[in-house]
Amino acid sequence: MKTFTIVNRETCIACGACFVTAPEVFDYDDDGISFVYFDKNQGNAEIPGELVEDVLEANDGCPSGSIKVSNMPFNGDPTKFE
Ligand code: SF4
């Protein structure tokens, strides 16, 4: 099953947890706001299988619920499946 992820940058509080949990997936800008490294936070890049567990852990650990995970691409919209 495919996995896609995207950060809702409107709600990210720049806590840094996801960079620690999944440093190969999430990066952060000058303000500390997270984004998905692979595809500039469009949520359209399939996450490599070996990184999926890290993404799910980051999703669980995000204090603001800003990390979205789906089996379908987000097309740049973190609220697409809400
Ligand atoms: S864990 Fe959540 S709130 Fe913290 S930096 Fe990552 S996306 Fe933002």
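The structure reproduced in this document is the subject of the present report. Values in this document were obtained by computation on a predicted structure and should not be read as measured data.

Some details on the overall build of the protein
If you tally the helices and strands in the protein, you get 2 helices and 4 strands. What you see in the protein, going N to C, is helices and strands ordered as β-α-β-β-α-β. Expected size for 82 residues packed as a compact globule is a radius of gyration near 12 Å; at 11 Å, the protein falls within 12% of this value. When the backbone C-alpha atoms are referred to their principal axes, the protein occupies close to 30 × 25 × 20 Å. Taken over 82 residues, the protein has a buried fraction of 40%. By sequence separation, contacts in the protein at least 24 residues apart represent 61% of the contacts at least 6 residues apart.

Observations regarding the pattern of salt bridges
By the definition in use, this model includes 2 salt bridges. One salt bridge in this structure joins Asp-29 and Arg-9, with 2.7 Å as the shortest N-O distance. Within this pair, whereas Asp-29 is found in the loop between β2 (26-28) and β3 (34-36), its partner Arg-9 is found in the loop between β1 (4-7) and α1 (17-21), the two being separated by 20 residues in sequence. The exposure class assigned to Asp-29 is partly exposed, which follows from its relative accessible area of 21%. Here Lys-68 and Glu-82 are joined by a salt bridge, their closest N and O atoms 2.7 Å apart. Here the residue Lys-68 occupies a position in strand β4 (residues 67-70), and Glu-82 occupies one in the segment after β4, the gap between them amounting to 14 residues. We classify Lys-68 as buried; its relative accessible area is 17%. For Glu-82, a relative accessible area of 65% gives the class exposed.

Procedures and definitions
- Residues numbered from 1 in each chain as written.
- Predicted model: local features only at pLDDT ≥ 70, side-chain atom pairs only at ≥ 80, totals over all residues.
- Heavy atoms only, no water.
- Helix = DSSP H or I, 4+ residues; strand = E, 2+ residues; numbered from the N terminus.
- Rg over C-alpha atoms; globule rule 2.2 N^0.38 Å.
- Buried < 20%, exposed > 50% of the residue type's maximum accessible area, 1.4 Å probe, protein only.
- Contact = heavy atoms within 4.5 Å.
- Salt bridge = Lys/Arg side-chain N within 4 Å of Asp/Glu carboxyl O.

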